[in-house]
Every structure is written in structure tokens, then in C-alpha cells.
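Coordinate inspection notes
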Amino acid sequence: MSAVQLIPFVITQAVMAIPVFMCVALLCGAGGGLIAGFHEKPSDLRAVKCWKKVCRLAALPILFCLALLDGSVSCFIFGEHLAGGLLMGAAVAEAVATVMVFNRSEYFTSLVRMSADEYWREKDESGASE
């Protein structure tokens, strides 16, 4: 490994560490503001449980996609262009599949709904009025 390859590799790893740390925060159930279009942490304990599940479910495919992208860039740096292209294609396919699954999944949609304080307030009010 020459210095021409080592320097870009080290820089790439340093840059890729930032989103990986963000994903680790999501896996710990924190940092829901990092998910586009997702709301702040709720105050209701029942909503917090669902909020943490959403964070963890979103972190897993993001982390997998980051690993594929990191591997792809590393392959390009070391001259393995075919492997890098295949990994890049796999990362794009995984990202598209993840978005499709999350948008069409009733389970994920209901978790997002239940992770808001308003859902539990409405549920308590409708239960109290009956």
C-alpha cells in the first residue's frame, strides 16, 4: 500500500466515522432528529418506547448502507473498480428497498404514529369519553 492510497483511505475512514457515530446514537435509541421528517422525542413514556423502536429500526439499514458505501469507496481507492461498482450498486439497491419498505409497511407507519404524544392523548381522551 503506497502513500497515494493510504492518505485517501485514512481521510475516507475519518469522514465515514461521523455518520457511523450518528447511527450508533440511533441504535441506542437517541437522536431521532437525525431521521428526516421525524419529530422530537415525546414526553409520554408509551410514546418514547415507540420512538426508540423507530430510531433503532431506521439505524440498521442506514448502517448497512454506510458499510456498503465505505467498502465501495475503499475498493475504488485500491484499484478494484469492478468490486467497487458492485458494492455501490448494492448500496443504492439497499437504500431504495429500505425506503420502499418503510413507506409501505403498516408496522413502521403505526410505530411512527404511536411515537407521538398526540396519539396517546387522543387515545386517552377517546377511552375516557366512552
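Residues numbered from 1 in each chain as written. Predicted model: local features only at pLDDT ≥ 70, side-chain atom pairs only at ≥ 80, totals over all residues. Heavy atoms only, no water.

Details of helix H3 (residues 81–104)
- A rise of 1.5 Å per residue sets the reference length of H3, with its 24 residues, at 34 Å; its end C-alpha atoms lie 35 Å apart and thus fit the reference within 8%.
- The set of residues buried in H3 consists of Gly84, Ala91, Glu94 and Thr98.
- Structurally, H3 contributes buried residues whose contacts are with helix H2 (45–77). (Helix = DSSP H or I, 4+ residues; strand = E, 2+ residues; numbered from the N terminus. Expected span 1.5 Å × (residues − 1). Buried < 20%, exposed > 50% of the residue type's maximum accessible area, 1.4 Å probe, protein only. Contact = heavy atoms within 4.5 Å.)

Structural notes on a nonpolar patch on the surface
- Nonpolar side chains collect at one region of the surface, where Val73, Phe76, Met88, Val92, Val96 and Met100 lie side by side and expose about 480 Å² of accessible area between them.
- Elements represented by at least two residues in the nonpolar patch include exactly H2 and H3.
- By residue number, the principal contributor to the nonpolar patch is H3, which donates 4 residues.
- Note that Val96 resides in helix H3.
- Val96 sits in the partly exposed class, given a relative accessible area of 45%. (Patch = residues over 30% accessible without salt bridge, like charges linked within 9 Å, V, L, I, M, F, W, Y side chains within 5 Å. Areas by Shrake-Rupley, 256 points an atom, 1.4 Å probe, with all protein chains shown as cover. Salt bridge = Lys/Arg side-chain N within 4 Å of Asp/Glu carboxyl O.)

Some words on the nonpolar core
- Membership of the largest hydrophobic core is limited to 11 residues, which are Leu26, Ile35, Phe38, Cys50, Trp51, Val54, Cys55, Ala58, Ala59, Phe108 and Leu111.
- Every element with two or more residues in this core is listed here: H2 and helix H4 (106–114).
- In terms of residue count, the dominant contributor to this core is H2 (6 residues).
- Not counting chain neighbours up to four residues away, the residues in contact with Ile35 comprise Leu26, Val54, Cys55 and Ala58. (Core = buried A, V, L, I, M, F, W, Y, C linked by side-chain atoms within 4.5 Å.)

So, the packing of aromatic side chains
- Counted according to the given criterion, the structure contains 3 aromatic pairs.
- For the pair Phe102 and Phe108, a centre-to-centre distance of 4.1 Å together with 5 degrees between the ring planes defines the contact as stacked.
- Taking the relative accessible area as the measure of exposure, Phe108 reaches 11% and is therefore buried.
- Relative to Trp120, the ring of Tyr119 lies with its centre 5.1 Å away and its plane at 90 degrees, an arrangement referred to as edge-to-face. (Phe/Tyr/Trp six-rings, centres within 6.5 Å; stacked < 30°, edge-to-face > 60°.)

What about the environment of Val24?
- Mapped onto the secondary structure, Val24 falls in helix H1 (residues 3–27).
- Given the relative accessible area of 39%, Val24 is considered partly exposed.

As for the confidence of the model for the protein chain
- Taken as a whole, the protein chain shows an average pLDDT of 88; of its residues, 96% reach a score of 70 or greater.
- At the low end of the mean pLDDT range in the protein chain sits helix H5 (residues 117–129), at 76; at the high end sits H3, at 94. (pLDDT = per-residue confidence, 0-100.)

A look at the packing of H2 against H4
- The contact between H2 and H4 brings their axes to 8 Å, and the two run at 135 degrees. The angle between H2 and H4 places the two elements in the oblique class. Here H2 and H4 pass one another in a crossing that is left-handed. The residues of H4 that touch H2, namely those facing Ala47, Cys50, Lys53, Val54 and Leu57, are Tyr107, Phe108, Leu111, Val112 and Met114.
- For the contact of H2 with H4, the class distribution of residues is 9 nonpolar, no polar and 1 charged. (Axes fitted to C-alpha atoms, helices over the stretch in contact; angles between N-to-C directions. Parallel < 35°, antiparallel > 145°, perpendicular 65-115°, else oblique. Left-handed = near helix turned anticlockwise from the far one by under 90°. Nonpolar A, V, L, I, M, F, W, Y, C, P; charged D, E, K, R; others polar.)

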